[in-house]
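Residue-level structural notes
Each chain, written out:
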Amino acid sequence: MEAQLLEVRQLAAKNIAGLSTTLEFFPYFKLNNSAVVRDLMKLVKGEPIAAHDALSSLINLCVDSDFIAVMDNEDFLYDLILLIVLPQNVLADLCCMLLNNLSEANSVASKLVADISRSTTRTTAAPAPSVPSAPTTPTTPPTSSSSSSAAPTTKLKTHYLDNLLEVFVRGEGKRYNPSATFDFLGGVLANVAMTSAGASWFRGRTGVDGAIRLSKMVVFCEHENKIRRAAAIATVKNAAFDAEGHELLLTDTELNLLPYILLPLSGPEEYTDEEMDGMPDELQLLEDTKTREPEPKLRTSLVETLLLFTATRKGRDVLRAKKVYPVVQKLHLAEQDAGVQDAIERLVQMLCRDEEADDAKDRAALLLPAAKRVKVDPRDLVIEEVADDSDDEMEIETLV
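The residue numbers shown here count from 1 along each chain, following its written sequence. Local features in this predicted model are restricted to residues whose pLDDT is 70 or higher, and side-chain atom pairs enter the listing and the counts only when it is 80 or higher, whereas totals over whole chains, interfaces and linings include all residues. In computing side-chain properties, one takes all heavy atoms of the structure into account and sets aside hydrogens as well as water.

The name given to the protein in an unreviewed UniProt entry is Protein HGH1 homolog, with the source organism recorded as Geranomyces variabilis. UniProt positions are given in the numbering used here, feature names are shortened, and annotations may be inferred rather than shown by experiment. Among the UniProt annotations of the protein, the heading Sequence similarities (unreviewed entry) holds the following wording: "Belongs to the HGH1 family."

Printed below as a string of C-alpha cells:
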C-alpha cells in the first residue's frame, strides 16, 4: 500500500511540474488558498523523486509574487536551508535555486539576515549533518564536526547565513557535496547584500572562523564559473551602496578589497613608475597573458562599484592614492562596450574633479545612474539590473 501511495505522489508531482511551466495554469495553483503550492512545499522534504518535481514546480512558480508570499514562511525557509547544508542531499542545487528566487523578495532576504533560527523554537527529529574536511581554497576555515541534539529548543550557535556562506565556499567543484556545486547559493548571498542589514552583515565577522564575511566572497570575482563570478561581483557592488561601510571596505588590510575589483578590469598593459606608486602590489607587473572580465555587464558592475566609493571625499582620496585612475584609463582605451565606457567616464569625472570647486548636487547627479543593485538570475544565467528599493524537522547547531 505504501509503495502505491509513493507512486501516486511521484506521478502527481511529475504532472504538476509540467503544468507549472505554463502561466495559463497559474490560477488553478491559487485555488483554495494555494493548497497545491502548500502541498508541494511539504513534498520538498520527502523522497527524492517527488521532491525533485516539487522543487522544480516551486522554482517555476516564483515568477508570481502571490506564490512567493505563500513560500515566504519561516519554517519552509528553514527547511530549505537544512536541505542545502546536508552534505549528501542530491537535490541541494535545486534547493539553492529556489532559495535564490525567493530571496529576490526583500521580505525573504530580510528574514535571512534576521536569522529566523534564533527566534524559533524547534524540535529535533534527526541529528545534524557533520561537515567533511574543508577544501583547499584561499578561504579555507578550520573544521570540526557539528553537534546533534534530540532536545527541543535547540538553537543555532552560528548565524545560519554563515552556514550558507561556508557551504558556498566549500561547495566549489562539488567538494562539499558530490551531487551539488552550490553555485546558485551565491545569488542568495548577493540578494541578501541588497538589504541594508545584509550589507552590514557582510562587513561583520563570521561565527565560523572570525573572518570578515565579504572576504569569503571576493575571492570568486575572477572565478572561471560565470555564476559564481557574477554572484561575487554583485555581492560586492550591493554591499558598496551603504556609504557608512566604505571606510572598512576600502582600507581594511585583511579584506584588501580593491585588488579584487581592479584585477578583473586589468589587462596586460604596463604602467610607469609614477603610475605604480601607491598602486596595490597585486596589480603591478601582471603577466602578458592577463585578460579582463569577458562579460560587459560584469565590467560595468565593477566600475560602478568604484563609482559608489566616490560618494565620499574619503573614498575619492583612497581611490586616487591607490592609483585607480591609471587602471580605468587603460581599460577605457581597450573597452568596446558603450555601457562600460559611460561608467568609466563618470568615474573619471569624480576622480579628476576639483574638490574645492565641487558641488554636492553635481556629485549626486553623477552617481544616480549607477544606483542600481544587481542580482544573479538563475533562470537565464545573466546579470539583471534591478532598481534600488529598499512534517519532521532536523536541527543543526553549527556548520563547523
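Now that the structure has been shown, the text picks up again.
What follows deals with the overall build of the protein. Here a helix means four or more residues in a row that DSSP labels H or I, a strand means two or more in a row labelled E, and each is numbered from the N terminus. Looking only at helices and strands, one finds 21 helices and two strands in the protein. For the protein, the residues scored as buried account for 55% of the 400 residues in total. In the structure as shown, the protein presents an accessible area of about 17,300 Å², 52% of it carried by carbon and sulfur atoms. In this scheme, a residue with accessible area under 20% of its type's maximum is buried, one over 50% is exposed, and one in between is partly exposed, where area comes from a 1.4 Å probe on protein chains only. Here the open area of atoms and residues is found with the Shrake-Rupley method and a 1.4 Å probe, where only the protein chains shown may cover a residue.

In summary, soluble globular proteins display a tendency toward joint burial of nonpolar side chains. Ranked by internal contacts, the top residues of the largest apolar core, which has 101 residues, are Leu58, Met71, Leu98, Leu102 and Leu306. Per-element tally for this core: the top contributor is helix α6 (residues 74–85), with nine residues. Residue contacts follow a heavy-atom distance rule, with two residues in contact if any of their heavy atoms lie within 4.5 Å. Setting aside anything within four residues of it in sequence, one finds leucine 98 in contact with Leu55, Leu58, Ile59, Cys62, Met71, Phe76 and Leu80. Each nonpolar core is a collection of buried residues, namely Ala, Val, Leu, Ile, Met, Phe, Trp, Tyr and Cys, held together in the definition by side-chain atoms within 4.5 Å.

On to the packing of aromatic side chains, then. Only the six-membered ring of Trp is used, alongside the rings of Phe and Tyr, when aromatic pairs are assigned; centres must lie within 6.5 Å, and planes under 30 degrees apart are stacked while those over 60 apart are edge-to-face, with the rest tilted. Here the structure, examined in full by the defined rule, presents seven aromatic pairs. Both rings, one in phenylalanine 26 and one in phenylalanine 29, keep their centres 6.3 Å apart while their planes meet at 80 degrees; by these two values the pair is edge-to-face. One end of the pair, phenylalanine 26, and the other, phenylalanine 29, are both in helix α2 (residues 26–29), three residues apart, so they sit about a helical turn from each other. With a relative accessible area of 5%, phenylalanine 29 lands in the buried category. The interplanar angle of 80 degrees and the centroid separation of 6.3 Å between the aromatic rings of phenylalanine 29 and phenylalanine 67 together place this pair among those described as edge-to-face. Taken together, the residues phenylalanine 29 in helix α2 and phenylalanine 67 in helix α5 (residues 65–71) connect sequence positions 38 residues apart. For the residue pair phenylalanine 29 and phenylalanine 67, the accessibility class agrees, reading buried in each case. Through pairs of rings, three or more aromatic residues link up here, namely Phe26, Phe29 and Phe67.

Residues are called lining when one of their atoms sits within 4 Å of a cavity or pocket point, these points coming from a 1 Å grid over the protein atoms alone, where a cavity is a set in which a 1.4 Å probe fits but cannot get out and a pocket is an open set with protein on both sides within 12 Å along at least five of seven lines. Grid points are joined across faces, edges and corners, and a volume is the space filled by probe spheres set on the points. As a volume, the second largest pocket reaches approximately 190 Å³. Along the walls of the second largest pocket sit 13 residues, with Leu250, Asn256, Pro259, Pro280 and Lys322 positioned nearest its centre. Among the secondary structure elements, those contributing two or more residues to the lining of the second largest pocket are α14 (246–251) and α15 (257–262). Of all the elements, α15 adds the most residues to the lining of the second largest pocket, at three residues. Amino acid classes used here: Ala, Val, Leu, Ile, Met, Phe, Trp, Tyr, Cys and Pro are nonpolar; Asp, Glu, Lys and Arg are charged; the rest, including Gly, are polar. Partitioned by chemical class, the residues of the lining of the second largest pocket number six nonpolar, three polar and four charged.

Time to look at the confidence of the model for the protein. Predictor confidence is given residue by residue as pLDDT, running from a minimum of 0 to a maximum of 100. For the protein, mean pLDDT is 84; residues scoring 70 or higher make up 78% of the total. Below pLDDT 50 for its whole length, residues 119–156 participates in 97 contacts with residues either more than four positions away or in separate chains. Note that residues 389–400 has pLDDT below 50 and, in this model, 57 contacts with residues that lie over four places away or in other chains.

What counts as a salt bridge is simple: a side-chain nitrogen of Lys or Arg found within 4 Å of a carboxyl oxygen of Asp or Glu. Throughout the structure, instances matching the rule amount to 23 salt bridges. A salt bridge links arginine 313 to aspartate 317; the nearest nitrogen and oxygen atoms lie 3.2 Å apart. Of this pair, arginine 313 and aspartate 317 both sit in helix α18 (residues 313–321), four residues apart, roughly one helical turn. Each member of the salt-bridge network shares a partner with another, and the members are Arg313, Arg316, Asp317, Arg320 and Glu355.

With 12 residues, helix α7 (residues 92–103) extends 16 Å between its outermost C-alpha atoms, agreeing within 8% with the 16 Å of an ideal straight helix rising 1.5 Å per residue. For α7, the tally of buried residues reaches 12 of 12 residues, placing the bulk of the element in the interior. The set of residues buried in α7 consists of Ala92, Asp93, Leu94, Cys95, Cys96, Met97, Leu98, Leu99, Asn100, Asn101, Leu102 and Ser103. Helix span, expected: 1.5 Å multiplied by one less than the number of residues in the helix.

This paragraph deals with the environment of leucine 98. Residue placement: leucine 98 occurs in helix α7. Overall, the relative accessible area of 0% leaves leucine 98 in the buried class. Each C-alpha atom, one on leucine 98 and one on leucine 77, is 9.9 Å from the other, the two residues being 21 residues apart in sequence.

Once that is clear, we can look at the packing of helix α8 (residues 106–114) against helix α10 (residues 185–193). Two numbers describe how α8 lies on α10: the axes approach to 9 Å, and their chain directions differ by 95 degrees. Judged on the interaxial angle alone, α10 and α8 are roughly perpendicular. Taken together, the residues of α10 that come into contact with α8 (itself represented by Ala109, Leu112 and Val113) are Val188, Asn191 and Val192. A per-class count over the contact of α8 with α10 returns five nonpolar, one polar and no charged. Working convention: axes come from line fits to C-alpha atoms, limited for helices to the stretch in contact. Angles between N-to-C directions cover 0 to 180 degrees. Here the word oblique covers every angle except those under 35 degrees (roughly parallel), over 145 (roughly antiparallel) and from 65 to 115 (roughly perpendicular).

Backbone geometry follows two general trends: most residues other than glycine have a negative phi, and most peptide bonds adopt the trans configuration. Of note in the backbone geometry, lysine 174 takes a positive phi value of approximately 60 degrees without being a glycine. Relative to the assigned elements, lysine 174 resides in the loop between α9 (160–170) and α10. Classification of lysine 174 as partly exposed rests on a relative accessible area of 44%. You will see that lysine 323, though not glycine, has its phi angle at about 60 degrees, which is positive. By the element assignment, lysine 323 lies in the loop between α18 and α19 (324–334). On the accessibility criterion, lysine 323 (19% relative accessible area) is buried.

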